[in-house]
Each structure stands twice: as structure tokens, then as C-alpha cells.
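Inside the fold
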Amino acid sequence: VSTQSTGIKVSFTCTYTKKELGADEGTIKISWKMNDEAINSQEKFETTADNFRNGIFKCVVTYGIFGDISGENTLLVRSVQHTKNVYAMNGAKVSLTCKAYGDQPTSITWNDGAKDFTKAAAEVTDSAYANYFVESVFAIASATATKSYTCKVIYNGPKEITQTTSLGVLKAVSKPTLDKFGEGATNTPSAKASLTLKTTFTSLTASGMAHATASDNKITVQLLKAGAKDPVLTHDITDGATSSYDFTLANLATSATGEYTSKVIYGSYGSTTSDPAYKVFVRAHSAATPKTVVSGSEITLTCTFEGDTVEKASWEIVGQEGELAAGDKYEILAATYKVETHSLTTTLKVKSVTATAAYKCKGIYAGDKKEVTVTHSITVLGAKLTSTAESDTVNAGSPIEITCAYEKNGEKASTVAWYKDSSVVTNGADYTIDNTKAAEQKSVLKLTKEQSKVEKNGVYKCKVTYTDVGSFEAEITIYIQSVAATVSKSYSAPGATVTLSCVFYGNLKTATSQWFKGTSESAIGTDSSYTVTPGTLDGNKRTDKLIVKTVDALDSDAYKCEIKSLKLSATQELHIISIATDPANAVAEATKTTTMSCVTSETKLVITEITWLHGAEKDKVTKGTAITSADGSNKGFKKYTSTLTITGSTTVSSTDYECVVMMPNDASFKVTSKKATFYRIGASSSSVTGYTGNYIESDGTDSAFSEKYTIIFNVFKGPGIASVTGKFVDAADKTTEVKFTAGEEAVAAEGTGAKDEKVVPYTYVPAYADQKTGKFSVEIVYTGFDKAKFTSEESIHVYSYCKTSSLPAVASGTWAPSTKVDYKGYATLTCAKGSFVEGDSVASCGSNGAFAKTTSKCSSTTGLTCGDMPSITNGYATYINSSAVKYECETGFALLSTPEIYTCDSTSGKWSIVTSSNPEGTPPMCQESTAATKRSIDFSVAFAAETEYCKDAGEDKKVEDALKTFLTKDNLVGCLTENQCEMTSYDCTWADKKLTIKFTLNQLVLLADASVLTDAADALAAATFTLTISTAEEKRTGRVKRADVSFSSGAVTSKTDTSCGAGYLSVNGACVQCPVGYGESKGACAACPKGYYSDAKSIAACTQCSDSKTTLSSGSKKADDCKDPKTLCTVPAAPENGALVPPPGSSVTDGSSITVACVSGYAVAAGMPTKFSCTGTPKAPSCYLECTLGYTEKALQDLRINPKTVTNVTKLSHEGTMHVSCESGYETECKKDYDIYTCVGDKGAPKNKITLKECTKKPVNTVVIVAVVMGLVIVALVATMLWCSSKGRKERSRSAPVAMPMEPEMDYGNEEHYEPVEETGFMSGVFGSNGRNSAKGPAIEPAGSSSGKKKGGEKETPKNESPSIYDSALGFFK
């Protein structure tokens, strides 16, 4: 460890082992670190030591790739740092410091020249040894003298280091003083004045500071204001002998008020501040504020005095003596001087200023009693009203004028508005306002004779609005007097109390009134018959009353009220009314109508309303009433009668009625008659219970084919039931007595307010054998009611089940259900696999228990070119034949589309249901239907008739009877014979030799089943309308000659009218809601067109796709079906004589495959595919005529054509080709063994049939015969040569072969090629064609045949087993 003093050079040497390193092992590097911080990279490190070099020095040697080794040493440099010479103000607190660096010292001692101080002393504080140093602090609590302080540090060794600090104390400086000076100067200047303040202090020279330097001679003097952040004024002094400075505050504002001090800063030595502060008060007051206000305004005036203390503030009016005091007129807020703001504010509130005046406020300062005043000038504007009427009172109908005179507001404009009782009055029909004297500050309100009415009584105001000031209102009360007599009820029933009133208008404060009856001059007073009540005055209105007690007919008279002093009187009449019913009671049979009357007493009033009430709840009767009048016994009097018509009812047995006289616009008045009882008798209702459907199913046996039911008649008890008898009339008008059984009494259904609501149920259960369609009725006799008889009827509809066993057996078919079918139900025919139902697949059950005639059968599906039609839910497809089909729906369901017959296109193999708008061939829907509220069909039929008919009621009736006979004969219109419908609205007319009959069939039952009437319409449309009308002529002999006239016509027109409930549409006579994928269109349900969709059942229209999207087809069910048209392709137009699947115009996904189907006899060109891709703007391939080939094998033989090349070919497509070969030994006209025929299908019919040409026999060639003979000679010669050669002539040389020109070979590649046999000269005739031409001619061969070539196209050469002989023969012939 080195313990060196500062300033010594220190050297560290790093010694290490040297090693020679290889080229790939790196180099040796040396680096130095101090306290782990890199400082050098040499083997030897030298530096001048100082206190910053205390710490650990380390040498690091890096041996290339082998790593590091290091050595270290610690250096501690001893040094002492201390506080430099300092100066302090006298008595200031001073701290001196001494830092000892290096190794830890053994002690630190302070000396002030007289005494040693160690860390044991209170003045010394030593820190702990850390980071190689110790800090010692010597604290001087109060510096009072200049002296030196020594710090001594002792290290081990021992070693001593000392440092000395000099402290200078400024003892001679005093605090500065701040004084006012100047002649007449005061600390209470007025605003905008100037004030000079002088500060004195001890100069540096006078302080005797021996250690002051040139920079320390600078003194800064500041003027400070209490509460201010920064000095108000600052001045620098460089002369050490200066001891005072003057501060000047110019253009004083009230903000300058406050306490001021001076501060002297002695350079870096310190500063001193004056004490106490000097107070300055700047006096000021608020400005005068003149005002213009309207009379009566409340004004507030304010004065503020600022500066030193104001001892008093007061208010007075200029020109008047004395100060104003708080009271009714004035409110003066307390005036107290506020020290914190150095101000006093006084406020005067004048509660209602009525005259122009000057208001002066006065303030007195406490210091010098100076008085300050502020004067506020107030201008007051107002107006005054006067009238032309004496005491401001006129009679109604007399004119009056009111004048408003108002003050002038200088040169500023003023406006005038008039009011009555706070409501605005304008010039017009009710008032007249004259502003022609505006220049004189006047406005006049006039009431003409017509305008002077009692409603104009009240307070009138003139409101003058002064520009920039406000508005003033002057008012006057005007009395327009009148009187009106009224009565609470001028019409009353006897016994009531009536109050008559007189309403007086005017100045009624002292006026009194009297009452007089009729022509009597004696005033009415309060007694047992009358009460006179004076009213209470309400402004200028008072209502006086006369109460007439328990009125009777004698009280009907005129009553007068009068105020004689005002000459006001009015008269009111009083009328007494009574009413009674006639008769007292009434009776009527259920559903029958009766009347009751109500009659008033005689009266002069016009009665316009008599009301009838019924039941305990006194419900008002709104229908069936009428009022008539008749003259009474007294002149001018009338009696009024109201007649009530009580319509038929089936709910209430007895009811109380009252009639009430009422007056128009007076709902509170009524005179009520005594009660009259009305009895309802007969059957209240009838019903049939116990069966499950809309009608009764029965075949008259107690079996599974019958239902049991009960007939119920609810009979009003009325005054008492004497007897009830029943009967039944069947459809054949046969009558049977029926015994009904009485049940227990019950409350009548829906009885309301009845006095006796009891009914008795009478029931009957027919035996199974008696269950027939017909009408039940009961006859009721009441006791005490003249033995009157009342009847009620109930129709019964009984139908038989249809037994499935009665249906005809169908080969390969089964009927279901297997046992029975309800009336209006269906049996369904199902065919075995491989067959379909031809004809109706269902048989309907009729009313007679028999199925409708059916000729349905099961036919083989092989006959269905277009296959099965798609099935539909709740419906079925009926095949009329193998190429025609229609859809029908089950009962309770309706076909949404117009019924149509679909046909099969044998070419495309598609049913006609597949269209461009329905490319998928989606079948129509059978939608569930609900019961209609009403359904009818209007029929019209016309007949040719030379003679006029229906010219009178008799003929009309005959034609109608003939019509009914025709409709019911042979059960033609089943709903008439089965009581399911009725014929109404019959009409018969004749014109232009044409008899026209119109009638309507109204459906009565089974309104959920549209077929009830559609079956009738179908039957009439299919039938020949024939009417046979019987006529009779009476001769003189008394005998009657009969003749029948017949009319026939097949022209029947009909129109169906179906009424549906809310939320349903009438479609094909049924009531439905449009299903998903359908929407309302022109009053019907239609599949949503392309570009639209429907996602819920409703009767709303389909929703259009958004963003210009579209759908692939109709009937889309959700928004997701909407597609971007850019991703779709439209199927192009079909070619002539062809069709496309999907059809043209359909939208398909881009890239979809489209199939071309040509009609019979047409086809696409040879090699052209029948499918193409729908992309962009596609075009379908054309359909061309096919070329037919219709030859029998015998016909081909006759043409010497090889049948094998033709018999498998019947027709060719456009541009298709075929090879036709001749028989062996025959050739074409081109001298070839075959011909090539090409089909041309686009040039019309003459070119679309191939006509084969006859082959002719090849001619006999003599050259060939000679060649054959010579060939035999050559063969003999060759044989001889061979024999000779074998006998020893082998050495004989051969003759050289003779070269002969040959036909060049043609390379046909892999193509199947047929070559004709041609004459190429003599040699060809002898040797043939080297195998290249077939002796049989060309033929259509399967793929892969060689036809004169080896496989792979290698040419076949003739065999040459003996070339020498061959060559010799050639030479011979050469």
C-alpha cells in the first residue's frame, strides 16, 4: 500500500511471463484498470498522483486465445481539502469544512488561534471513513470577529497535514431607513401623483472591511412592497463610500397603496433590510354614473373611496336639505372601511324612482378630514292614462277613448303597446289604436259601439318602451256595464230544484239587485219556495242567484233580475218536462223485432234527443230509435214521441228499458221514465255436439263408420214454458216426431242486464239409423202468454265415410288408407317400383259414401322420357299421360301458382317446368290455408231466345225453378243438395234475343275447403246448361194445355270472390300466407323473381337484394342467396333447332357447364362436344341437320357395296365422313375400291341425305391373260435353270439384275390409310402392288388395324426367296 502525498509521480510496473504465440494463437496484450475502469495499455504506467487516484490499480495480460491473468496494487494518496477564505455578516452562522483523503487518518483537530477543537467538541462533526476520505465540519454559531481557523490531519507514520481558512466579519453595516422627504410631501398622495422615498445605509468604506476586493465593493439597493413577488425598484451602487439612495414612484395608482421596505445587498457578503416598513396610501374614488330610467324603477347607486381610512360616508339629493336615511323609500348598505382593500364602498338603493334628480355621495378621510363627493344624475321617464268616459264607466255599446301621454326620451325613439288584463291589444276588429299623435308623445285606444262589450271590462295598460332604457306601464280601469240572466237548468223534471242566475258587469261596488216573476211588480223574497242569494263581487262582475225549490208546473214562467240604480235588467224562462213509456211492457220472439214508445209532456222547448237505456247497467241503446212531434193542447206547446225498435236477439230473456229526455249540449240534464220490462221468448240458441269435424260422419250403423251426436236447443224460460215439441225433416221432406228432453236451467249465454237470464236446454240424441241430413226444429208454448207458439230450427249435415274396399283394384298399385276415407278426403294410389300413376293419384270421397270415378292406373316408368316430376309436400303430381302432368294439393292446402299442365320435351329430356326463371325445375308449393270469412261464385249464362222471357214475376219464377232443377238434378252442384251452399242474387234479363241468367252460390259451411265451390264451378263449366221451362195455356174448354220450352248453352262464365281475414291473401280461392321464398304480387303469392328474396311467411312483397346483387333463380329464401353479378354467368341464347340446360337467360356460377340438346334430326358438328363452359360472354354451338343413311343389306348388295362398311352407320353429323368399299371385283366410277362420303348439314334438306353410288365390275384385261400364260412358261424355265444349276453349273456367272422403275412408297405415319387399286402398267398387272392394296377394297376398321403396313408404320416388302431367278426374270422381260 502506497501512502503518498499529492504531487508525487507514481510508477507501476507489470511483470509477466513471456510466451511466443503461434500465428493462429493470437497476440499478447496488456491493459491497465483503476477501480475496474480501463486507463492504459502499456507494460509500465506512470501518472501524477492526486486525490482522484485513490483505489486499486490492476494490470491485465491477455495471452491470445489462452485467456487473461492479472496483478493489482492499491494506491492511497494523502491530501486535505478545506474551505477557502470566507466573509460573513456580523452574527451570521458559518460552517467550515476539511476533507482528508488517502488512508484513514488517526485524528483531525481544529484551532481558532486560541483553542483546539476535536470531534468531541460540539462545534466539530466528523463523517465516517468511506470512499478513501473523512469530512470534518467546524460550525460557528455566531460570527463576531475576523480570525483564522486551522485544520490539522494526522496519518499513521505519523504524518501531519494542515490547512488554514480566514473568516472576515462585516461588523459596521446597519439596516437601511426609508423616509419621506420633499416640501409638502405626504404618505397619502392622490391617484396619478408622484412620491419620493429615501433609503440610508452604512457604506462599505465606513464598515472598515479590510478584505474587500474590487468586485466586493458593489452594493445593490432594492425597494420592496409587501405581498409583491419582485422588487418594485432596483439600483446598483459601485462607490464604496455611498450611504443613501432616493426611490421615486410616479403616476400612482391605487394599487400602489401598501407597506414599503428597503433592502441593501453587500455583494457576496450578505444583505440587510429596513425595519419598520413605511406605509403609503393612494387616495381615489369611483366615477359618477348618470342614468336614465322609467318611473317606478328601482335603482342602485354605488360610491367607492380608496386610500387611508374614510371615517364617514353619506347620501343626499342635490337641491334638498339633509342626508338620506334608510326607510320605505331608500335602502343604504352599511359603509365600513376595509383595511385589507384600503377602501370604503357605500350603496344607495332607491326603491321606486319617480322624478328626475341628482344623488350625491360624500366621504370624509379620518386623517386630515378631507371631504370628497360623487354626484349621480338620474333622468326618469313615465306616462299617464285618461279616458273620455265619466267615472270611466259606459254602457255596453257606447264608445270610449283612452289616451296615453308619455315622456320624451331625448332624440331616441319610443314605442307604445296596449294591454288589457295582461293580454296584448292590437289594432283590428276588437280594438282601434290611433298613433297619429306620436310626435306629441300620445297614443289613443278606441272602443267603437260595436267593440264596446262587457268582455272589454277590465284594466287597460299603456306600455311605453324607451330605447336603451326600458319600459313603463300606466293603467286605468274601464267599466262597461251590462246584465245577463241564466239558469242552471231552464228545462227540468218536476220535483227538482232550479237555480236562476243574473250576471252583472260594471262598477258594482254599491249596486243591489231584485227578482220578479212574470208580470208581478213585487220583488221575490226568501221563503219556503224561493231563496234569494246576492253574489260576491269579482272585479267588475257579480252573479246574483234565485233558487226555485221543488219545481212543479206552476213554476214554469219568466223570471227578471234588475239593478235599478244602474238601469240594468234581464229575463229568463223556466220549463218543466216529464216523460213516460207506452206500453209499460213488451214481448217478442227470439230473432223477431218489436217496438216501444216514450212520450213527453207538453212543452214549448224543442226536444231533439230522447235516449233509451236497457239492462241493470243502463247501457245506452244506439240503434232503432226515432223522434216525432205533435201539437199540444196549449198554443205553442208540443208533445214529443220516441219509438224504439228492438231487433231480434238470442242472448237475453228479459230486459228493463227506460227512456230519457236529454237536451243538446247538456249531458248533465235528463228526465227518466219509469221502467218497462221486455221479455225475449223462444229458443236462444241451438247447437250440435259430440262429433269431431265440421260435419257428422255416419253410414247409419253402430260401427267404426259412424259418429254419435246431440242436438241442443236452449229455450228462454220467459214467463214459464208450457211445452216443447220437436220434429225432424230430412232432405226428402219426410217429417218425423222427435222427443226432446229438458235439462236444468242455466244462465243465458252472453246475458247482459237481464231481469231473468235463465234458459232451459232441450236435447235429443238420434239413433244411428236416424242419422240423416236434414233439419231439426222445436215448437215452444209459454204459459200466461196467450198460448203462443214459437219455433227454432237447426240444420244437420250427415255424410258417409268412403270404404277403401270399394275402389277398383289397380295392377301393381295399392290404395291408402286401407280401411276408410272421410268425406272430402282422399285415397292415394301408390305404384310399385318401376311404375308410376297415370291419371289422378287420388280418389276423392263424395257425400254419398262413394269415391269419385277413377281410371288411374300404374304404367311402366320406361315410358317417362323426362323421368318423375319432383314431389311436393302436402300435394301430389297427377300424370295425365307419360308426357303431361299437373300438380294438385291436399285438402286444407292451396296451390300458390296458377294450375297448369307441364309437358315433356323428348329432345332435352326435361319437363316444361324447367325454364330460364326456374332452371332447377322447382315445383309449385302447396301452402297451408285457413278458413275464409266468406266465399262465393258469381255465375252468368246466356241463351239464344227469340221470345222475351222474365218480363213478369211469374215468368221470372218459372225460369228460377228451372234453374234450381238443373243445378240439383243428378247432384250436378253437390253443395246445393248437401246444404253446403245456397243460391242467391238470382237475376233474369232478356235483350237482343238473348236470355241472360245470373246467380250466386254462397258457401255456407267448410269455409276452409275451397273445393266446395270450385267443384261446383268445374261441374257447371263441363256441363251443357239446359233449362226446361213448363208453360200452361187455359182454353175455353177449361182444359190446360201444357208445353215445355228448353234452352241450351255451353257458355258459362264465373267469378270467385273469397274474403280472407287480416294477414291472409286469397289465392286460387283459398286463404293463405305467402311462404318463405314467395311474396305478394298483384294480390297473389308469387315466387320471388331473380334479384329478390323473402325470409319469412307474410303477405308482404319480396325484398330486393342490396348493392345491385342478384340471385341464381327465382324463389330465393334468404339474403345470402344474393350474389355479386360479377361472379355469375348468363346462359346464352339456344341455337336454332336446339335447347340448353339450364335454359337461356338463367344465371349460373361462372364456369358452370351448359349442355346442348338438339332437336330430333339435328346434332352438333362432328367432333364438337355437347357441353361448354359458361364464362364471360359464351356462345352455344350450332345444331345442324344430320345426314341419314337408310339402306338395307339387300339394297347394298344390289349396289355391289360391301355391307360390312355401311350396315352399322345410320346417320352422320355435319362434316362427318364415312368410307364405303365396293365388293371384290368391283370399283367406283373413279376406278377405286372405295369412296369417301362427307355430311353437309348446313345447306338445307337436299344435302342432308347420303345417296350411295353403285360399284361397277372391273373390265377383263387380255394383257393380263397373256401375262399369266407367259408366267407359266417362266415358271418352267426357272425350274429348268434350277435343275441345271444343281448339276454343276454353279460357277457360271449370273447376269446382272435389270433395274426397273417402281412406284415410290409413301410414308403415312400411324394414320390408317386405304389406297385404291390403280393400273400402273403391265408389271403392276402381273405382280400386283407389293401388298399395298387390299384385294377386298377399303373398309371402316377399328382403331389399331394396319391396312397394308406393319405395326409402327414399317412398310411391308414382298418376299424374295430366290433373288437370282427373280433378277433373271426381270432381265428377260426387259
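Whatever comes next refers back to the structure up there.
Below, the structure is looked at part by part.

Scoring rules and cut-offs
Residues numbered from 1 in each chain as written. Predicted model: local features only at pLDDT ≥ 70, side-chain atom pairs only at ≥ 80, totals over all residues. Heavy atoms only, no water. Helix = DSSP H or I, 4+ residues; strand = E, 2+ residues; numbered from the N terminus. Buried < 20%, exposed > 50% of the residue type's maximum accessible area, 1.4 Å probe, protein only. Areas by Shrake-Rupley, 256 points an atom, 1.4 Å probe, with all protein chains shown as cover. Pairing = 2+ DSSP bridges. Axes fitted to C-alpha atoms, helices over the stretch in contact; angles between N-to-C directions. Disulfide = S-S within 2.5 Å. Phe/Tyr/Trp six-rings, centres within 6.5 Å; stacked < 30°, edge-to-face > 60°. Lys NZ or Arg CZ within 6 Å of the ring centre and 35° of its normal. Contact = heavy atoms within 4.5 Å. Polar contact = N/O pair within 3.5 Å; in protein donor to acceptor, adjacent residues only side chain to side chain. Salt bridge = Lys/Arg side-chain N within 4 Å of Asp/Glu carboxyl O. Core = buried A, V, L, I, M, F, W, Y, C linked by side-chain atoms within 4.5 Å.

1. What to know about the overall build of the chain
A count of helices and strands for the chain gives eight helices and 107 strands. Out of the 1374 residues in the chain, the part that is buried amounts to 38%. For the chain, the accessible surface area stands at approximately 74,700 Å², while carbon and sulfur atoms represent 49% of it.

2. Some details on the sheet that holds strand S100 (residues 1171–1174)
The sheet built from three strands is open, its strands ordered S96-S98-S100 with antiparallel pairing. What marks the edges here is a single partner per strand, and that holds for strand S96 (1138–1141) and S100. Across the sheet, the axes of successive neighbouring strands diverge by a mean angle of 35 degrees, strand direction being ignored. Looking at chain direction, S96 and strand S98 (residues 1152–1158) are connected through four bridges and run antiparallel. Across the sheet, the residue bridging to Leu 1140 is Val 1156, located in S98.

3. Focus on the state of the cysteines
Note: disulfide means a covalent bond formed between the sulfur atoms of two cysteine side chains. Here the structure, examined in full by the defined rule, presents 20 disulfides. The partner cysteine of Cys 14 in its disulfide is Cys 59, sulfur to sulfur 2.0 Å. Measuring handedness by torsion sign, the sulfur bridge of Cys 14 and Cys 59 sits at about -80 degrees and is left-handed. Placement of the pair is Cys 14 in the loop between strand S2 (9–13) and strand S3 (28–34) and Cys 59 in strand S6 (residues 55–63), with a sequence separation of 45 residues. What pairs with Cys 502 in a disulfide is Cys 561, and their sulfur atoms sit 1.2 Å apart. Across the S-S bond linking Cys 502 and Cys 561, the dihedral sits near -75 degrees, which makes this disulfide left-handed. Placement of the pair is Cys 502 in strand S42 (residues 498–505) and Cys 561 in strand S46 (residues 558–563), with a sequence separation of 59 residues. By the burial criterion, Cys 502 is buried, and Cys 561 matches it.

4. A look at the packing of aromatic side chains
Using the criterion set out here, one finds 23 aromatic pairs in the structure. Arranged with centres 5.6 Å apart and planes meeting at 45 degrees, the rings of Phe 138 and Tyr 149 form a pair that is tilted. Pair noted here: Phe 138 is in strand S13 (residues 133–140) and Tyr 149 is in strand S14 (residues 147–155), with a separation of 11 residues, a long-range link. With respect to burial, Phe 138 and Tyr 149 carry one shared label: buried. Both rings, one in Tyr 887 and one in Tyr 902, keep their centres 6.0 Å apart while their planes meet at 70 degrees; by these two values the pair is edge-to-face. Residue Tyr 887 is located in strand S78 (residues 884–889), and its partner Tyr 902 is located in strand S80 (residues 901–905); the two are separated by 15 residues in the primary sequence. Overall, the relative accessible area of 5% leaves Tyr 887 in the buried class. A cation over a ring is seen here: Arg 283 above Tyr 365, with NZ or CZ 4.1 Å from the ring centre.

5. Quick look at the sheet that holds strand S82 (residues 926–930)
As summarised here, the arrangement of the four strands in space is S79-S82-S90-S89, forming an open sheet in which the pairing is antiparallel. Bordering the open sheet on either side are strand S79 (893–895) and strand S89 (1065–1067), each of which pairs with just one other strand. Taken pair by pair, the neighbouring strands of this sheet meet at an average axis angle of 60 degrees, ignoring direction. In the sheet, S82 pairs with strand S90 (residues 1070–1072) via two bridges, with the strands oriented antiparallel. Note on S90: the bridge partner recorded for Thr 930 is Cys 1071.

6. Quick notes on the environment of Thr 62
Mapping Thr 62 onto the fold places it in strand S6. Ignoring any residue separated from it by four or fewer positions in sequence, one finds Thr 62 in contact with Thr 27, Ile 28, Lys 29, Gly 67 and Asp 68. In this structure the side chain of Thr 62 is engaged in a polar contact, spanning 2.7 Å, whose partner is the side chain of Asp 68.

7. Looking at the pattern of salt bridges
Within the structure shown, the criterion is met by 31 salt bridges. With a closest N to O distance of 3.2 Å, Lys 412 and Asp 468 form a salt bridge. Note that Lys 412 is positioned in the loop between strand S34 (400–406) and strand S35 (414–420) and Asp 468 in the loop between strand S39 (458–466) and strand S40 (470–487), a separation of 56 residues in sequence. Residue classification places Asp 468 among the exposed residues on the basis of a relative accessible area of 67%. Taken together, the shared-partner salt bridges connect Arg 283, Asp 308 and Asp 368 into one network.

8. Quick word on the nonpolar core
Ranked by size, the top nonpolar core spans 36 residues in total, and within it Leu 963, Leu 967, Ile 997, Phe 999, Leu 1001, Phe 1025 and Leu 1027 carry the most contacts. Listing elements by their share of this core, those giving two or more residues are strand S83 (934–944), helix H2 (953–968), helix H3 (974–977), strand S84 (981–991), strand S85 (994–1003), helix H4 (1011–1022) and strand S86 (1025–1034).

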